[in-house]
Amino acid sequence: MNSLAYKCAAFLVIALMIRTLWLPRFSNFRGIPNSRFSLDPNLDNEKSKFLEVPQIVWGLNNQKIAFARACLTARMLNRTLLMPSLSASLFYKEVEQLRSISFDKVFQFDEFNARCGGFVRLGRYSEVSNTRDVFELQKGSGRRWTVDKDLQQLREFSKSPYDEYQMIRVVGKNPFLWHDHWPTRDYAKIFECLVLVEEISREADKVVSKIREIGMVERSRVAPLQNNVNATLQTIPYVAVHMRIEKDWMIHCKKLEHRLNISEICSSKEEIKQRVGNIVGLETPIVMYLAVADDLLEDNSILEGWGEGLLPYEKKKLGVLDKYKKHPYLIQSAIDYEVCLRSNVFVGNTFSTFSSLIVLERTQLMMSEGAAQRCGLDVRWPSYAYNLEGESNGPRGWAANMSDVSLQAISYGSNHVSCT
Ligand SMILES: Nc1nc2c(ncn2[C@@H]2O[C@H](COP(=O)(O)OP(=O)(O)OP(=O)(O)O)[C@@H](O)[C@H]2O)c(=O)[nH]1
Ligand SMILES: [Mg+2]
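Remember, predicted model here, so these are calculated numbers, not experimental data.

**Q** How should the sheet that holds strand β6 (residues 134–138) be read in this particular structure?
**A** Hydrogen bonding along the main chain pairs the strands of a sheet, whether they run parallel or antiparallel. One open sheet accounts for five strands, arranged β5-β2-β1-β7-β6; its pairing is parallel. Strands at the two margins of the open sheet, each flanked by one partner only, are β5 (122–123) and β6. Relative to strand β2 (residues 80–82), strand β1 (residues 50–52) runs parallel, the two being bridged by two bridges. Bridged to F50 within β2 is T80.

Right under this line is the structure:
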């Protein structure tokens, strides 16, 4: 009897040991069934591994950067990124109030994979075959969660035993806003795969046409145009100025100047007007599209005091405010971004991700055309920074440094930009 009891106890101990060793594999799994997952017999995704990330937040361009980091994280873990949700609104302090919007309502899903295939891939939830094979990866936050710790964690999770799970679900507070482990070129590759859905790019087409039509009328007053109207409209140039002067930014930038001991972050509207007016060689009359926050549309002083021949318009004066107002903040920002991107001359602030990503994309466009020179009015897509002084008291010529080892300068802003 004694020996039987002994054997039973030993068996129990062994069983407990096996269970303990086996448990970590499932310890982080909440086991909540997710209705988004479904088993699709047509998809042979048994071998596919996925990464799920939380809703992406903040302004459009910070969201693009965070999205690119999520893609690069998935790449590092040899996984497909499950198409994430973006945020349509700006209430970034109250995350529960953030209205989510699916990635494919803003950017073309298939086009993303067609362009980025072989580098990173976006997947749909319907591709996940085993919804229970999940490991939750808790990302740290705060000052003690350093870049090194973050990188170390990613390296660890790209290996056994974590590489065996079908899905890794990243949890944590805005895990992709902060840590940066990749060179600018990797980010640039991903931005190249982000193509707006047609509905949004058509809205931008309309705004751009309106700007060029006004420019054409103004030009014809000075020198009558003889050619076919449609053929010439595309050739009417315009300047876009991203005036970052809204109240919340002006308060924040003063603090930033103090903290970083830099005096070239905040530019007043007067400084912007003066520097833009000093761009050497700008042919006038020319329409200047002012990309400004909505609360500035009531401030008529932004439309006054520009140099001779510089004709300022914002969305209200252009008569396109209704087109914008139909959409949530994220889409409005995407339209504005597109209008600035396509401008003949762009002027922005180096301490803005909105401006910086426009300059990065314009630099890529020039590189794809093999242009050796990237600044000055002779190049195809010139950009300037009004917060930095350039030649003849004008804004400084600005092109993205594609050999940067990180996206630091673009995501946090820098006063060390040039035309390299
Ligand atoms: N902060 C703020 N900016 C606004 C608002 N409306 C328009 N903007 C403009 O939109 C720009 C931000 O564009 P987003 O596309 O949201 O980019 P972001 O990711 O927030 O990038 P930042 O330019 O670094 O703020 C700002 O630089 C503002 O000039 C607003 O209500 N608040
Ligand atoms: Mg912002």
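The rest of the description comes next.
**Q** I keep staring at the nonpolar core and nothing clicks. Help me out?
**A** Soluble globular proteins tend to pack their nonpolar side chains together in the buried interior. The biggest cluster of nonpolar side chains holds 85 residues, and the ones touching the most others in it are F67, L81, F103, V106, F112, I190 and V339. Sorting elements by how many residues they give to this core places helix α3 (residues 60–76) first, with nine residues. When residues of this core are sorted by domain, at least three fall in each of domain 1 (9–192) and domain 2 (198–412). When neighbours within four sequence positions are excluded, I190 is seen to be in contact with F67, A68, C71, L72, F112, C116, F119 and V120.

**Q** Please explain the pairing of strand β9 (residues 286–291) as it appears in this structure.
**A** Each regular strand carries side chains that alternate between the two faces of the sheet. Within β9, six of the six residues are buried, which leaves the element mostly enclosed by the surrounding structure. Burial of β9 is two-sided: the residues I286, M288 and L290 facing one way and the residues V287, Y289 and A291 facing the other way are all buried. Where strand β8 (residues 238–242) and β9 come together, five bridges link them in parallel fashion. Bridge pairing in β9 links A240 to Y289. Where β9 meets strand β10 (residues 310–313), four bridges bridge the pair, whose relative direction is parallel. Its bridge partner lying in β10, V287 is registered against L311.

**Q** Sorry if this is basic, but what is going on with the confidence of the model for the chain here?
**A** Keep in mind that low pLDDT regions are not for reading the predicted coordinates in detail. Summing up the model confidence of the chain, the mean pLDDT is 88 and the portion of residues at 70 or higher is 86%. Here residues 19–46 is a poorly scored stretch, pLDDT under 50, and it has 34 contacts once near neighbours within four places are set aside; other chains count.

**Q** I keep staring at empty space enclosed by the protein and nothing clicks. Help me out?
**A** Empty pockets left among the atoms are what a rolling probe the size of a water molecule brings to light. Going through the model one piece at a time under the given rule, you end up with three cavities of 30 Å³ or more. If you add up the space inside the largest cavity, you get close to 60 Å³. Lining the largest cavity are P54, Q55, I56, V57, A66, N174, P175, F176 and L177. When its residues are assigned to classes, the lining of the largest cavity shows seven nonpolar, two polar and no charged.

**Q** Any chance you could explain the pattern of salt bridges here in plain terms?
**A** Side chains that carry opposite charge are capable of pairing whenever their charged atoms lie near each other. Per the counting criterion, the structure on display carries 22 salt bridges. In this structure, K325 and D294 form a salt bridge, with 2.5 Å as the shortest nitrogen-oxygen distance. Taken together, the residues K325 in helix α12 (residues 321–325) and D294 in the loop between β9 and β10 connect sequence positions 31 residues apart. By relative accessible area, which is 45% here, K325 ends up partly exposed. Ionic contacts of the salt-bridge type, sharing partners, join the residues D294, K315, K325 and D336 into one network.

**Q** Sorry if this is basic, but what is going on with the layout of surface pockets here?
**A** Quantified by volume, the second largest pocket comes out at close to 440 Å³. Along the walls of the second largest pocket sit 22 residues, with F191, L194, E338, L341 and E361 positioned nearest its centre. At the level of elements, α3, α6 (184–192), α13 (329–341) and α14 (353–368) are the ones that each hand at least two residues to the lining of the second largest pocket. Tallying contributions element by element places α14 first for the lining of the second largest pocket, with six residues. Tallied by class, residues from the lining of the second largest pocket come to 13 nonpolar, three polar and six charged. Lining the lining of the second largest pocket are residues from two domains, each supplying at least three of them: domain 1 (9–192) and domain 2 (198–412).

**Q** How should I be thinking about the sheet that holds β9 in this particular structure?
**A** What the six strands build is an open sheet, ordered β10-β9-β8-β11-β12-β13; its pairing is mixed. Only two strands of the sheet have a single neighbouring strand rather than two, namely β10 and β13 (395–397). Across the sheet, the mean angle separating the axes of adjacent strands is 30 degrees when strand polarity is ignored. Sheet topology places β8 next to strand β11 (residues 345–348); three bridges connect them, and they run parallel. Counted as the bridge partner of A240 is F346 from β11.

**Q** What is the right way to read the state of the cysteines from this model?
**A** Each disulfide consists of a covalent bond between the sulfur atoms of two cysteine residues. What the rule picks out here adds up to three disulfides. Shown here is the disulfide that connects C116 with C193, its sulfur atoms set 2.1 Å apart. Negative torsions about the S-S bond denote left-handed disulfides, and the value of about 85 degrees found for C116 with C193 makes this one right-handed. In this pair, C116 sits in helix α4 (residues 109–116) while C193 sits in the loop between α6 and α7 (198–222), placing the two residues 77 residues apart along the sequence. Of the residues examined, C116 reaches a relative accessible area of 2% and is grouped as buried. We classify C193 as buried; its relative accessible area is 3%.

**Q** For this particular structure, what's the right way to read the packing of aromatic side chains?
**A** How two aromatic rings sit relative to each other is set out by the distance from centre to centre and by the angle between their planes. Within this structure, the stated rule accounts for ten aromatic pairs. Judged by centre distance (5.5 Å) and plane angle (40 degrees), the ring pair of F103 and F107 falls under tilted. With respect to class, F103 is no different from F107; both count as buried. Aromatic ring contacts, followed pair by pair, group F67, F103, F107 and F112 into a single cluster. In this structure, K64 packs its charged tip against the face of Y337, placed 3.5 Å from the ring centre. Just above the ring of Y324 sits the side chain of K315; from NZ or CZ to the centre is 4.6 Å.

Calculation rules
- Residues numbered from 1 in each chain as written.
- Chains lettered and ligands numbered in written order.
- Predicted model: local features only at pLDDT ≥ 70, side-chain atom pairs only at ≥ 80, totals over all residues.
- Heavy atoms only, no water.
- Pairing = 2+ DSSP bridges.
- Helix = DSSP H or I, 4+ residues; strand = E, 2+ residues; numbered from the N terminus.
- Core = buried A, V, L, I, M, F, W, Y, C linked by side-chain atoms within 4.5 Å.
- Buried < 20%, exposed > 50% of the residue type's maximum accessible area, 1.4 Å probe, protein only.
- Domains from an automatic or database assignment.
- Contact = heavy atoms within 4.5 Å.
- pLDDT = per-residue confidence, 0-100.
- 1 Å grid on protein atoms, 1.4 Å probe; cavity = no way out; pocket = protein on both sides within 12 Å on 5 of 7 lines; lining within 4 Å.
- Points joined across faces, edges and corners; volume = space filled by probe spheres on them.
- Nonpolar A, V, L, I, M, F, W, Y, C, P; charged D, E, K, R; others polar.
- Salt bridge = Lys/Arg side-chain N within 4 Å of Asp/Glu carboxyl O.
- Axes fitted to C-alpha atoms, helices over the stretch in contact; angles between N-to-C directions.
- Disulfide = S-S within 2.5 Å.
- Phe/Tyr/Trp six-rings, centres within 6.5 Å; stacked < 30°, edge-to-face > 60°.
- Lys NZ or Arg CZ within 6 Å of the ring centre and 35° of its normal.

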